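Report on the structure
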Amino acid sequence: MLKNYIISAFRSTVKNKLHSSLNIFGLATGMAGALLILQYVMFETSYNDFHENRDDIYRISYSKEKGGVESFNTVLTYTGVGPLMVEQFPEVVDYVRMRPASLITSRSSLSSSR
């Protein structure tokens, strides 16, 4: 019975080449897209898995609201937030400041003194 289904599918594929090739291309494109999305989600959900205390790592964000609507959202906070949180909340053990590489590296041009 399965052999008959395979033979029928093969004959239909040979008979309708354009239709079959479009279906196969669509299936391959959908599967590739699904695999890329799966890989992206797996990467985004596992970036702290290497750390032994991964359940105790948090990220502070800063957002503003105007009229009940969020108008501004960023992860850049003021420099006093870390020490203040250690002082005010006993659950906070330590903090670290992270900066984008563009803020650390200098973009100024070097000139010769000659």
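Described below are features of the structure shown in this document. These figures come from a predicted structure and were not determined experimentally. (Residues numbered from 1 in each chain as written. Predicted model: local features only at pLDDT ≥ 70, side-chain atom pairs only at ≥ 80, totals over all residues. Heavy atoms only, no water.)

**A short note on the overall build of the protein chain**
Applicable threshold: Helix numbers and strand numbers start at the N terminus; a helix is a DSSP run of H or I with at least 4 residues, a strand a run of E with at least 2. Relative accessibility decides the category of a residue: with a 1.4 Å probe and only protein chains considered, values under 20% of the type maximum give buried, values over 50% give exposed, and everything between is partly exposed. When checking whether two residues touch, look at their non-hydrogen atoms; a contact exists if any pair is within 4.5 Å. Using the Shrake-Rupley algorithm and a 1.4 Å probe, accessible areas are obtained, with residue cover drawn only from the displayed protein chains.
Looking only at helices and strands, one finds four helices and two strands in the protein chain. Looking at the protein chain as a whole, 3% of its 114 residues are labelled buried. A separation threshold of at least 6 residues defines the contact pool for the protein chain, and within that pool the share at least 24 residues apart is 6%. Approximately 11,300 Å² of the protein chain is accessible, and the part contributed by carbon and sulfur atoms is 60%.

**Quick notes on a nonpolar patch on the surface**
Defined as follows: Like charges within 9 Å and nonpolar side chains (Val, Leu, Ile, Met, Phe, Trp, Tyr) within 5 Å are joined into patches, using only residues over 30% in relative accessible area that form no salt bridge. When a carboxyl oxygen of Asp or Glu lies within 4 Å of a side-chain nitrogen of Lys or Arg, that pair is called a salt bridge.
A cluster of nonpolar side chains, Met 1, Leu 2, Tyr 5 and Ile 6, forms an exposed patch at the surface whose accessible area comes to about 520 Å². Inspection of the secondary structure puts Met 1 in the segment before α1 (2-15).

**Some details on the packing of aromatic side chains**
Condition: Aromatic rings from Phe, Tyr and Trp, with only the six-membered ring used for Trp, were paired whenever their centres fell within 6.5 Å, and each pair was classed as stacked if the ring planes differed by under 30 degrees, edge-to-face if by over 60, and tilted otherwise.
All chains considered together, the criterion is met by two aromatic pairs. Look at Tyr 62 and Phe 72: their rings are 6.1 Å apart centre to centre, the planes differ by 70°, and that puts the pair in the edge-to-face class. Here Tyr 62 is found in strand β1 (residues 62-66), whereas its partner Phe 72 is found in strand β2 (residues 69-74), with ten residues between them in sequence. For Phe 72, a relative accessible area of 41% corresponds to the partly exposed category. Each ring, one from Tyr 62 and one from Tyr 78, has its centre 5.8 Å from the other, and the planes form 70°; the classification is edge-to-face. Of this pair, Tyr 62 sits in strand β1 while Tyr 78 sits in the loop between β2 and α3 (81-88); the two residues are 16 residues apart in sequence, bridging distant segments of the chain. Taking relative accessible area as the criterion, Tyr 62 reaches 24% and is therefore assigned partly exposed. According to the relative accessible area criterion, Tyr 78 is exposed, its value standing at 58%. One aromatic cluster is present, built from ring pairs that chain together Tyr 62, Phe 72 and Tyr 78.

**A few points about the environment of Tyr 95**
The residue Tyr 95 is located in the loop between α3 and α4 (101-104) in this model. In this structure Tyr 95 comes out as partly exposed when scored by relative accessible area, which is 37%. When the C-alpha atoms of Tyr 95 and Val 81 are compared, they prove to be 9.4 Å apart, with 14 residues separating the residues in sequence. Residues within four places of Tyr 95 in sequence aside, it is in contact with Gly 82, Pro 83 and Val 86.

**Let's talk about the side chain of Ser 20**
Tracing the backbone through its elements, the reader meets Ser 20 in helix α2 (residues 17-44). Beyond its immediate chain neighbours, meaning those up to four positions away, Ser 20 contacts Ser 12 and Thr 13.

**Quick look at the pattern of salt bridges**
Counted by the stated rule, this structure contains one salt bridge. For Arg 54, the salt bridge is made with Asp 49, and the minimal N-O distance between the two is 4.0 Å. Relative accessible area serves as the criterion here: at 40%, Arg 54 is assigned to the partly exposed category.

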